[in-house]
Amino acid sequence: QVQLVESGGGLVQAGDSLRLSCAASGRTMSSFRNYGMGWFRQAPGKEREFVAGITGSGGVTGYADAVKGRFTISRDNAKNTVYLQMNILKLEDTAVYSCAAKVGMVYTTKMTQYDYWGQGTQVTVSS
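Residues numbered from 1 in each chain as written. Predicted model: local features only at pLDDT ≥ 70, side-chain atom pairs only at ≥ 80, totals over all residues. Heavy atoms only, no water.

Moving on: the environment of L18. Within the secondary structure layout, L18 lies in strand β3 (residues 18–25). Judged by relative accessible area, L18 falls into the buried class, the value being 15%. Along the backbone, L18 and M29 are 11 residues apart, and their C-alpha atoms lie at a distance of 28 Å. Residues contacting L18, with those up to four places away along its chain left out, are G8, G9, G10, V12, L84, Q85, M86, L89 and V123. (Helix = DSSP H or I, 4+ residues; strand = E, 2+ residues; numbered from the N terminus. Buried < 20%, exposed > 50% of the residue type's maximum accessible area, 1.4 Å probe, protein only. Contact = heavy atoms within 4.5 Å.)

What follows deals with the nonpolar core. Within the largest apolar cluster, 35 residues are counted, with the highest numbers of intra-cluster contacts made by L4, M37, W39, L84, M86 and Y97. Of all elements in the fold, only β3, β4 (35–42), β5 (49–54), β7 (71–76), β8 (81–86), β9 (95–103) and β11 (121–126) reach the threshold of two or more residues within this core. Looking at this core, the element that brings in the most residues is β9, giving 5 residues. Apart from the residues lying within four places of it in its own chain, the contact partners of Y97 are E6, L20, W39, F40, R41, V51, F71, L84, M86, G120, T121 and V123. (Core = buried A, V, L, I, M, F, W, Y, C linked by side-chain atoms within 4.5 Å.)

A separate point is the state of the cysteines. On inspection of all chains with the given rule, the structure shows 1 disulfide. The residue that forms a disulfide with C22 is C99, at a sulfur-sulfur distance of 1.9 Å. Linking C22 and C99, the disulfide has an S-S dihedral of approximately 55° and is accordingly described as right-handed. Here C22, found in strand β3, pairs with C99, found in strand β9; they are 77 residues apart in sequence, far enough to count as distant. (Disulfide = S-S within 2.5 Å.)

Mapped onto the fold, S21 is located in strand β3. When sequence neighbours within four positions are dropped, the list of residues in contact with S21 reads V5, E6, S7, W39, T81, V82 and Y83.

Next up on the list: the pattern of salt bridges. Per the counting criterion, the structure on display carries 4 salt bridges. Note that D93 is salt-bridged to R41, the shortest N-O span being 2.9 Å. Taken together, the positions of D93 in the loop between β8 and β9 and R41 in strand β4 put the pair 52 residues apart, joining distant regions of the chain. Each of the two residues, D93 as well as R41, counts as buried. Through salt bridges that share partners, R41, E49, R70 and D93 make up one connected network. (Salt bridge = Lys/Arg side-chain N within 4 Å of Asp/Glu carboxyl O.)

Structure representation (structure tokens):
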């Protein structure tokens, strides 16, 4: 079992930056590098969507077109933590951001293929 806890959300103005963190823990959790990780977001009235993903080693990352060039996903396997650096935030980035872990070292854009989810952290971008 893996528990994921997100932090770092908040209220910011358009153009600002935020860094989200997702800390993983669990008594039976295997090495953190064995999990592909993803960030997803859900805006009010919309479906949850893929934002970014990273492989277990951190060597391969992927992004949704809407955030490419502005967001960066990274991980520190020694700290069992994955990050999402968000720059040049836009109003449309307002959403609840959740991290997810997938057994196996690859990530996927499909949320149904993730095994564990955090509760999410709210990001609100104002004008």
